[in-house]
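Topology and contacts: notes
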Amino acid sequence: MQDQSNRIAALRSRLKVAAAEAQRPVSEVTLLAVSKTRTSEQVTQANVSGLTSFGENYLQEALKKVSALKTLILDWHFIGPIQSNKTRQIAEHFSWVHSVDRLKIAQRLSAQRPTNMPPLNICLQVNIDDEPTKAGFEPSDLLTVVSEIARLPNLRLRGLMAMPEARKDKQEQRIPFRQLRKLRDEINQSLDNSQKLDTLSMGMSADLEAAILEGATIVRVGTDIFGPRSTTAG
Ligand SMILES: *Cc1c(COP(=O)(O)O)cnc(C)c1O
């Protein structure tokens, strides 16, 4: 656990350096701790180190942690693939969903969001590198789908999320992030002031500096907080 708090401290200084290089206040960048495959104890420990936002990919695993940790004030984000028969539980237990990749999923989340809860914050996942095996909207479909989703009553459309192909070099890593930012800016020209997208969920352990340089407002970090994931867990 000492390791974990050291890793979080190191990560915070990376965020600070990256924000300074981008000439942005570091407070503009939310650190989302990706806690898939990690135990409730590890999440609690990360919370002791000051982290409050946690991202989960697998619903059943996530619900156990959400329930075990309900006395802590945590913000749970769903970031994994979404099957349509799982939307109700996602709508009931999370405050954000980053991985909305079909109109139908957004419609179900809106219909199933309990009305005594604040609107569910969502990001649209974009298949920014046009990879056949990856989820996400095609960039060319976004404007149409945004106009539909922006009308759904129990959702708040906050922005875009992407998971580009791995690239080694920082300048190369910036390219898809820059594309995502431009898509966000284009969409914003079509939206009323009250609806403008304020979120870019992009950047992970290996490429968060590049993402922050291109305007990331949420970086999703697992490995560099909790250590390497074992391949069997999950
Ligand atoms: C696992 C995961 C991350 C975190 O990846 P790391 O490389 O461990 O930082 C971020 N986003 C999504 C969608 C993930 O599934």
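Here's a quick rundown of the structure.

Here is what the cut-offs are and how they apply
- Residues numbered from 1 in each chain as written.
- Predicted model: local features only at pLDDT ≥ 70, side-chain atom pairs only at ≥ 80, totals over all residues.
- Heavy atoms only, no water.
- Salt bridge = Lys/Arg side-chain N within 4 Å of Asp/Glu carboxyl O.
- Buried < 20%, exposed > 50% of the residue type's maximum accessible area, 1.4 Å probe, protein only.
- Helix = DSSP H or I, 4+ residues; strand = E, 2+ residues; numbered from the N terminus.
- Arc of directions from axis to C-beta.

Focus on the pattern of salt bridges
The final tally for this structure, using the stated rule, is 15 salt bridges. Between Glu148 and Arg151 there is a salt bridge; the shortest N-O distance is 3.7 Å. Look at Arg151 and you get exposed, because its relative accessible area is 61%. Across the salt bridge formed by Asp185 and Arg184, the nearest N and O atoms sit 3.0 Å from each other. Residue Arg184 is classed as buried on the basis of its relative accessible area of 12%.

Some points on helix α2 (residues 40-48)
Residues Ser40, Gln42, Val43 and Ala46 constitute the buried set of α2. The buried residues of α2 all sit within an arc of 160° when viewed along its axis, so they share a single face. Away from its buried face, by an angle of more than 90 degrees, α2 presents the exposed residues Glu41 and Val48. Directly after α2, the chain includes Gly50, whose backbone phi takes a positive value near 105°.

Observations concerning unusual backbone geometry
The phi angle at Gln23 is positive, at roughly 55°, despite the residue not being glycine. By secondary structure assignment, the location of Gln23 is in the loop between α1 (2-21) and β1 (30-34). The class of Gln23 is exposed, set by a relative accessible area of 75%. Despite not being glycine, Asp130 shows a phi value in the positive range, around 55°. By the secondary structure assignment, Asp130 is in the loop between β5 (120-126) and α6 (142-149).

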